[in-house]
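The lines below spell out each chain.
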Amino acid sequence: MDKKIDLRNKTVKELEELSVSLGEKKFRGKQIFSWVYKGTSDIDNMNNLPKKFKDDLKRVSYLKNMDILKVLESKIDGTKKYLFTLKDGNIIESVLMKYRHGNTVCVSTQVGCRMGCGFCASTIDGVVRNLTSGEIIGQVLTIQKDIGERISNVVLMGSGEPLDNYDEVIKFLGIINHPLGLNISMRNITISTCGIVPKILDLANMNLQITLAISLHAPSNELRNQTMPINKVYNIDELLKTCRYYTEKTNRRITFEYALIKGFNDQPSHAYELSKKLQKMLCHVNLIPLNEVKERKFKASTDKSAKEFQSILKKRGIEATIRRELGSDIDAACGQLRKNYIDRINQK
Ligand code: SAH
């Protein structure tokens, strides 16, 4: 493997150290950093660096780390799904969603996933490896460049479990939030997790202003154990206790994601049970009709049960919205596109 440094993987401080190690002044680090996030993909174009320094930099580092393999655009809502090829040949996916409040990119944090959730396509073949912070940033940068518009919001809800790749994800947050980086406010970033309790505690103690989304998907341990193996390690009560701590520390409202699965977790009794569990929490529930994945046996709830579920929560004082499914015509469910693409190649 190429041992060269991926410049997108580096914080300002690390680039300052790199500059000094190559015999240059420290301030060059900031200049490099700012070029990277202007979207420059060629070190030769970093106009304010001396020629010799650019040559030295090219010897030890590179900028380009992913290619667009395929883009699918939804005819229904303009959502775009990107497949990228990484330097080592692995394939990942990201999604661009155009909302009135701005462009949102949903990034992957791992190649595959090892969490094993029973309804999810990303985890079917397990995890291949963690992404580097540079590869997570690269998804946002490449899409921003491709559409020629600013990305204002980022959600870590693509393939992979962000808190299973904690250090790179934290590094990614620092870079993307930096004024010379993409300058995306922490408040416009959402991290979604299946519930790795010790890492949620670490995150709470960092007191960032990001939004934390918890993939809950069931009101009881009995049901959650059946679809989410992580629940056998950190059960619902422990998870919700940690969420309360998170809110105490950060004053941030937590989002609970709840994919409605027909006949499994979408009955009125489940809504009552959930509302009891979430009483007095500063939270919001996102109800998502399940995106059906062909390898999985689960079916989506009907609109009628979704509305009934929502109304029970609301009557009991829990804010809840039914999230519109975006990109339903382009395999937008987590990990579906990558998996279908790889399966098709393997069939050939
Ligand atoms: N690992 C993280 C983030 C990735 S998944 C997590 O678990 O939160 C992003 C969200 O999509 C999660 O809430 C996940 O549970 C949900 N999801 C996965 N497969 C789905 C499907 N088939 N239909 C609806 N939501 C799904």
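A. Layout of the environment of K87. As for its position among the elements, K87 is in the loop between β4 (80-86) and β5 (91-99). Judged by relative accessible area, K87 falls into the partly exposed class, the value being 37%. Placed 28 residues apart in sequence, K87 and R59 show a C-alpha to C-alpha distance of 17 Å.

B. Layout of the site of the ligand. E161, S192, S215, H217 and N291 are the nearest of the 17 residues found near the ligand. Interatomic distance of 2.6 Å between a side-chain N/O atom of H217 and an oxygen atom of the ligand. In isolation the ligand offers 540 Å² of accessible surface; the protein chains occlude 93% of this area. Residues belonging to the shell around the ligand are distributed by class as follows: eight nonpolar, seven polar and two charged.

C. Structural view of the pairing of strand β10 (residues 189-193). The buried fraction of β10 amounts to five of the five residues, a majority that puts the element mostly inside the structure. Residue alternation in β10 divides its side chains into two sets, I189, I191 and T193 and T190 and S192, and both sets are buried. Following the chain from strand β9 (residues 151-156) across helix α5 (residues 166-177) to the adjacent parallel β10, one finds a crossover that is right-handed. Bridge count between β10 and strand β11 (residues 211-215): four bridges; the pairing is parallel. Bridging from a neighbouring strand, I191 pairs with L212 of β11.

D. Structural detail: the side chain of S61. Following the sequence through the fold, S61 ends up in strand β2 (residues 61-62). Given a relative accessible area of 2%, S61 falls into the buried group. One polar contact links the side chain of S61 to the main-chain carbonyl oxygen of L57, over a distance of 2.7 Å. Each residue touching S61, except ones within four places of it in the same chain, is listed here: K4, I5, L7 and I43.

E. Layout of the packing of aromatic side chains. The full count for this structure, using the stated rule, is four aromatic pairs. For the pair Y258 and F309, a centre-to-centre distance of 5.0 Å together with 40° between the ring planes defines the contact as tilted. Of this pair, Y258 sits in strand β12 (residues 254-260) while F309 sits in helix α10 (residues 303-315), placing them 51 residues apart in sequence. You can call Y258 buried: its relative accessible area is 1%. Their ring planes at 50° and their centres at 5.7 Å tell us that F264 and F298 sit as a pair that is tilted. Highlighted residues: F264 in the loop between β12 and α9 (268-277) and F298 in the loop between β13 (283-289) and α10, separated in sequence by 34 residues. By relative accessible area, F264 is classed as buried at 12%.

Each value, and the rule that gives it
- Residues numbered from 1 in each chain as written.
- Predicted model: local features only at pLDDT ≥ 70, side-chain atom pairs only at ≥ 80, totals over all residues.
- Heavy atoms only, no water.
- Helix = DSSP H or I, 4+ residues; strand = E, 2+ residues; numbered from the N terminus.
- Buried < 20%, exposed > 50% of the residue type's maximum accessible area, 1.4 Å probe, protein only.
- Near = heavy atom within 4 Å.
- Polar contact = N/O pair within 3.5 Å; in protein donor to acceptor, adjacent residues only side chain to side chain.
- Areas by Shrake-Rupley, 256 points an atom, 1.4 Å probe, with all protein chains shown as cover.
- Nonpolar A, V, L, I, M, F, W, Y, C, P; charged D, E, K, R; others polar.
- Right-handed = clockwise from strand over helix to strand, strands pointing away.
- Pairing = 2+ DSSP bridges.
- Contact = heavy atoms within 4.5 Å.
- Phe/Tyr/Trp six-rings, centres within 6.5 Å; stacked < 30°, edge-to-face > 60°.

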